[in-house]
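Notes for the structure review
Each chain, written out:
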Amino acid sequence: QVQLVESGGGSVQAGGSLRLSCAASEDLSSQYCMGWFRRAPGKEREAVATICRDGSTTYTDSVKGRFAISQDNAKNTLTLHMNSLKPEDTALYYCAARPAWTAAFVYWGTGTQVTVSS
């Protein structure tokens, strides 16, 4: 069981930046993919960015060019750099891990809140 703990959330004005971090209890390279997800009030959870063992990354269209996901296996840390933040980025952000034996993200953190004011 992988334990994930997010940090780095906060309140910023539109146009600002934040860096979210996710600390894992074990070697991240053992996971097939890692990802950042978010849930905004009244909306369904969505995948924001993912990074997989082969180095491939995906981003939801609304954050392309503004967010960047990275993984440091030596520190067991997943990071999401968020720039040019918009009020619509306001959400609870979660870190998740997808083991190699499943197509699903099965390990989840408890989330960190990001609030962007206009």
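Preceding block: the structure.
In this report, we go over the structure that sits alongside the text. (Residues numbered from 1 in each chain as written. Predicted model: local features only at pLDDT ≥ 70, side-chain atom pairs only at ≥ 80, totals over all residues. Heavy atoms only, no water.)

Looking now at the packing of aromatic side chains. Evaluated as defined, the whole model comprises 3 aromatic pairs. Judged by centre distance (5.0 Å) and plane angle (70°), the ring pair of Phe 37 and Phe 105 falls under edge-to-face. Of this pair, Phe 37 sits in strand S4 (residues 31-39) while Phe 105 sits in the loop between strand S9 (91-99) and strand S10 (107-108); the two residues are 68 residues apart in sequence, bridging distant segments of the chain. Neither residue differs from the other here; Phe 37 and Phe 105 are each classed as buried. (Phe/Tyr/Trp six-rings, centres within 6.5 Å; stacked < 30°, edge-to-face > 60°. Helix = DSSP H or I, 4+ residues; strand = E, 2+ residues; numbered from the N terminus. Buried < 20%, exposed > 50% of the residue type's maximum accessible area, 1.4 Å probe, protein only.)

Evaluated as defined, the whole model comprises 4 salt bridges. Asp 89 is paired through a salt bridge with Arg 66; the nearest N and O atoms lie 2.8 Å apart. Of this pair, Asp 89 sits in the loop between strand S8 (77-82) and S9 while Arg 66 sits in the loop between strand S6 (57-59) and strand S7 (67-72), and the two are 23 residues apart along the sequence. For the pair Asp 89 and Arg 66, one class covers both residues: buried. Salt bridges sharing common partners tie together Arg 38, Glu 46, Arg 66 and Asp 89. (Salt bridge = Lys/Arg side-chain N within 4 Å of Asp/Glu carboxyl O.)

Here we take up the sheet that holds strand S3 (residues 18-24). To summarise the sheet geometry, strands pair through backbone hydrogen bonds and adopt either a parallel or an antiparallel arrangement. Spatial ordering of the open sheet is given by S1-S3-S8-S7, a layout of 4 strands whose pairing is antiparallel. Taken across any chain shown, the strands that pair with only one partner, and hence form the sheet edges, are strand S1 (4-7) and S7. Pairwise comparison of adjacent strand axes, ignoring direction, gives a mean angle of 15° for this sheet. (Pairing = 2+ DSSP bridges. Axes fitted to C-alpha atoms, helices over the stretch in contact; angles between N-to-C directions.)

To continue, consider the state of the cysteines. Enumeration over the complete set of coordinates arrives at 2 disulfides. Across the disulfide, Cys 22 is cross-linked to Cys 95 (sulfur-sulfur distance 2.0 Å). An S-S torsion of about -70° defines the bridge between Cys 22 and Cys 95 as left-handed. With Cys 22 in strand S3 and Cys 95 in strand S9, this residue pair connects regions lying 73 residues apart in the sequence. Counting its disulfide-bonded cysteines in sequence order, the protein shows a connectivity of 1-4, 2-3. (Disulfide = S-S within 2.5 Å.)

The residue Asn 76 is not glycine, and still its phi comes out positive at about 50°. In this structure, Asn 76 sits in the loop between S7 and S8. Of note, Ser 84 is a non-glycine position whose phi angle comes to about 50°, a positive value. Inspection of the secondary structure assignment puts Ser 84 in the loop between S8 and S9.

Bear in mind that shape data such as this cannot, by itself, settle questions of function.
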